[in-house]
Amino acid sequence: MKIKNICCLGAGYVGGPTMSVIALKCPEIKVTVVDLNTNRIAAWNDENLEKLPVYEPGLAEVIHQARGRNLFFSTEVDSAIEAADMIFIAVNTPTKTYGEGKGMAADLKFVELCARQIARIAKNDKIIVEKSTLPVRTAQTLQTILDRTGNGVHFEVLSNPEFLAEGTAIEDLLNADRVLIGGKQTESGKKAIQSLVDVYAHWLSPKQILTTNLWSSELSKLTANAFLAQRISSINALSALCEVTEADVDEVANAIGTDSRIGPKFLKASVGFGGSCFQKDILNLVYLCRYFNLPEVAHYWEQVIIINDYQKYRFAKKVISSLFNTVSGKKIVFLGWAFKKDTNDTRESAAIYVADHLIEDGAEIHVYDPKVSETKIKADMRYLWELNGLSEHKIASKLNQIFVYDNPMEALDEAHAVALLTEWDEFKTYDWETIYTKMYQPAFIFDGRNILDAAKLHAIGFEIKGIGKG
Ligand code: NAD
Ligand code: UDX
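With an unreviewed UniProt entry as reference, the chain is termed UDP-glucose 6-dehydrogenase, source organism Flavobacterium aquicola. What UniProt states about the chain under its Function (unreviewed entry) heading is, verbatim, "Catalyzes the conversion of UDP-glucose into UDP-glucuronate, one of the precursors of teichuronic acid."

### A few points about the site of ligand 1
Every one of the 27 residues lining ligand 1 counts as a neighbour, but Gly10, Gly12, Val14, Ser132 and Thr133 are closest to it. Broken down by element, the shell around ligand 1 gets its largest block of residues, three residues, from helix α5 (residues 109-121). Considered class by class, the residues forming the shell around ligand 1 number 14 nonpolar, nine polar and four charged.

### Some points on the domain arrangement of the chain
Taken domain by domain, the chain holds domain 1 (5-204) and domain 2 (247-466). Summarising the inter-unit geometry, the C-alpha centres of domain 1 and domain 2 are found 32 Å apart.

### Some words on the nonpolar core
Ranked by internal contacts, the top residues of the largest apolar core, which has 141 residues, are Ile87, Val319, Phe334 and Val354. In terms of residue count, the dominant contributor to this core is helix α13 (residues 350-360) (eight residues). Counting the residues that make up this core, at least three belong to each of domain 1 (5-204) and domain 2 (247-466).

### Side note on the site of ligand 2
Around ligand 2, the surrounding shell holds 19 residues, and the nearest of these are Lys268, Ser270, Phe273, Gly275 and Cys277. Sorting elements by how many residues they give to the shell around ligand 2 places helix α9 (residues 214-245) first, with three residues. Of the residues contributing to the shell around ligand 2, the split by class is eleven nonpolar, four polar and four charged. Built from parts of two domains, the shell around ligand 2 gets at least three residues from each of domain 1 (5-204) and domain 2 (247-466).

### Concerning α9
Here α9 contains 32 residues, and its C-alpha end-to-end distance of 47 Å stays within 8% of the 46 Å for a straight helix at 1.5 Å per residue. Bending of α9 peaks at approximately 25° at the position of serine 220. In the stretch just after α9, glutamate 246 is the one whose phi turns positive, near 65°.

### Quick word on unusual backbone geometry
The residue after glutamine 441, namely proline 442, is reached through a cis peptide bond having omega -10°. Looking at where proline 442 falls in the secondary structure, it is placed in the loop between α17 (432-438) and β13 (444-447). A positive phi angle, near 70°, is found at asparagine 325, a position not held by glycine. Relative to the helices and strands, asparagine 325 is located in the loop between α12 (295-322) and β9 (331-335). The residue glutamate 414 is not glycine, and still its phi comes out positive at about 55°. Mapped onto the elements of the fold, glutamate 414 is located in the loop between α16 (408-412) and β12 (417-420). Residue class for glutamate 414 comes out exposed when judged on the 10 C-beta atoms lying within 10 Å of it.

### Examining the sheet that holds strand β11 (residues 402-405)
Spatially, the six strands line up as an open sheet ordered β11-β10-β9-β12-β13-β14, and their pairing is parallel. The open sheet has two edge strands with one neighbour each: β11 and β14 (463-466). The average angle at which neighbouring strand axes cross in this sheet is 20°, direction not considered. Bridge analysis of β9 against β12 gives four bridges, and the strand direction is parallel.

### Things to note about the UniProt feature "active site" (unreviewed entry) in the chain
Annotation from UniProt places "active site" (unreviewed entry) at Cys277. Within the secondary structure layout, cysteine 277 lies in the loop between α10 (249-257) and α11 (278-291). Overall, the presence of 25 C-beta atoms within 10 Å leaves cysteine 277 in the buried class. Discounting chain neighbours no more than four positions away, the residues touching cysteine 277 are Thr133 and Asn225.

### A closer look at the packing of α12 against α13
Two elements in contact, α12 and α13, have axes whose closest approach is 9 Å; the angle formed by their N-to-C orientations is 45°. Taken together, the axes of α12 and α13 are oblique relative to one another. Considering the relative orientation of α12 and α13, their crossing is right-handed. Here Lys312, Tyr313, Phe315, Ala316 and Val319 of α12 lie close against α13, whose contacting residues are Ala350, Tyr353, Val354, His357 and Leu358.

### Topic: the environment of isoleucine 6
Along the polypeptide, isoleucine 6 turns up in strand β1 (residues 5-9). Each C-alpha atom, one on isoleucine 6 and one on isoleucine 87, is 5.9 Å from the other, the two residues being 81 residues apart in sequence. Not counting chain neighbours up to four residues away, the residues in contact with isoleucine 6 comprise Ile22, Ile29, Val31, Ala84, Met86 and Phe88.

### Things to note about the environment of glutamine 279
Tracing the backbone shows glutamine 279 in helix α11. Separated by 23 residues in the primary sequence, glutamine 279 and glutamate 302 place their C-alpha atoms 9.7 Å from one another. In this structure, glutamine 279 is in contact with Ile305 and Glu348, ignoring residues within four places of it in sequence.

### Here's the deal with the packing of helix α1 (residues 15-25) against helix α3 (residues 59-66)
Contact geometry for α1 and α3: axes closest at 9 Å, N-to-C directions at 50°. Between α1 and α3, the crossing angle belongs to the class labelled oblique. Note that α1 runs across α3; the crossing there is left-handed. Residues Pro17, Ser20, Val21, Ala23 and Leu24 of α1 lie in contact with α3, whose contacting residues are Leu59, Val62, Ile63, Gln65 and Ala66. Split into classes, the residues belonging to the contact of α1 with α3 amount to eight nonpolar, two polar and no charged.

### Some details on the pairing of β12
Burial along β12 is two-sided: the face carrying Ala417 and Ala419 and the face carrying Val418 and Leu420 are both buried. Judged from the four bridges that link them, β12 and β13 form a sheet pairing that is parallel. Paired with alanine 419 across the bridge in β13 is phenylalanine 446. Taken together, β12, α17 and β13 form a β-α-β motif whose crossover is right-handed.

Definitions and limits used
- Residues numbered from 1 in each chain as written.
- Chains lettered and ligands numbered in written order.
- Predicted model: local features only at pLDDT ≥ 70, side-chain atom pairs only at ≥ 80, totals over all residues.
- UniProt positions renumbered as here; feature names shortened; annotations may be inferred.
- Near = placed C-beta within 6 Å.
- Helix = DSSP H or I, 4+ residues; strand = E, 2+ residues; numbered from the N terminus.
- Nonpolar A, V, L, I, M, F, W, Y, C, P; charged D, E, K, R; others polar.
- Domains from an automatic or database assignment.
- Core = buried A, V, L, I, M, F, W, Y, C linked by C-beta atoms within 7 Å.
- Buried ≥ 20, exposed ≤ 12 C-beta atoms within 10 Å, placed from the backbone.
- Expected span 1.5 Å × (residues − 1).
- Bend = angle between axes of the 7 residues up to and from the residue.
- Pairing = 2+ DSSP bridges.
- Axes fitted to C-alpha atoms, helices over the stretch in contact; angles between N-to-C directions.
- Contact = placed C-beta atoms within 7 Å.
- Parallel < 35°, antiparallel > 145°, perpendicular 65-115°, else oblique.
- Left-handed = near helix turned anticlockwise from the far one by under 90°.
- Right-handed = clockwise from strand over helix to strand, strands pointing away.

In structure tokens, the structure reads:
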């Protein structure tokens, strides 16, 4: 079946960029991205491309070319569903914060609502594509809901997990290592797989398009993220050992990464991984293993999260112990709040947890991030503290310990210490000699990303502490 009309439910970090690239590369397909969030849709439709809800290098140009041609953003979910031959589900699947599986399992309520809405609206056969990251065997649940609550039309469910990384989303979509499409190995399943293969074949070669059965595809997504995160936790665990043995973690990573069996990527020691995916997906994997009565497997993967929490805590503890065992009333400048460079996304950013520890010890946190607003930063902290059950009074008082700046130089004035949390390139270009003269002495820098020139900063007079540096 040749696809002419695509609808995507969810205009977030995945739905927005992926559909924009499909629309760009498939001008004969009408692509409508819908969302319940009216503000988000308004931002996607904003004439001013600086106001797009997602910041990604290259995204604005893609939107500029495709929007209004064959790419549309809308809140009219029902009509978009009705008109589509193929419907992507790209809604959020956060970790559950309540009830059974709280803190571990993926919350599938948004996905389930999508399935019920599609079933209610659809008047002809549709291909439903899981784009959200889902626990293995979710397609079976979707199929049941669609068939039991639908109007007797045929639904073919495919799994097409997304592997883009934020900050490089457009590049990852245009030159994907692979796209993965899982479907039933029946005649109609194979036809649906082929329809989606044909969409991607507009710009990817056949060897970049992998097809599997449904369950392999669903499980591969969780597995890919678990493997990537596991490498970061492995190097971060060793960074602690480097600090007490005078080995240098970057040298160790380079030495092992040049072994072609290991490879150099995802071995950069850091203050800890963040982002909306790694922690959520590993917790989900751990939950699934326990559900299927595989406690040893669950325990193995859980260590990846335990080391990541340890790394964030260790960083905060180092700031406190270096500043003579108290940061009470001291001005700590956070350079960066986003979970990585080149994105405005702050979900699960290490900065949030480091700030929490330091604020608990009485610090004033002064933040500068080139892409993250004061509202977002304060909302992130509020969300954590509400989740931890803090009273409104306590939350209000802690929020008063956070200050946010548009100008980094203002933030750095009379600071006791700098904590670099995100690897934004601009931090490397700052005039550190001038910054040194503006700070209290001894002036500390805690480089949570190992991006600054430590020898140069040391020569200026800074006390510089990196990750995994003796
Ligand atoms: P997001 O929160 O940025 O976007 C999800 C959007 O879905 C929101 O705008 C929300 O309003 C909308 N939504 C929720 N219910 C809806 C409904 N019933 N109808 C219409 N819209 C609805 O989330 P995201 O980062 O884009 O992630 C989406 C999925 O993709 C998740 O499962 C995630 O694990 C997965 N994923 C994310 C990334 C990433 O880098 N962010 C990468 C790969 C996979
Ligand atoms: C990740 C996966 O890479 C992507 O394939 C998947 O689709 C979604 O989840 P993302 O979370 O956007 O993408 O970014 P990623 O580049 O993987 O970084 C995740 C976190 O790990 C960031 O906080 C990053 O700073 C950190 N990281 C990454 C390290 O600390 N060291 C590294 O070597 C690599």
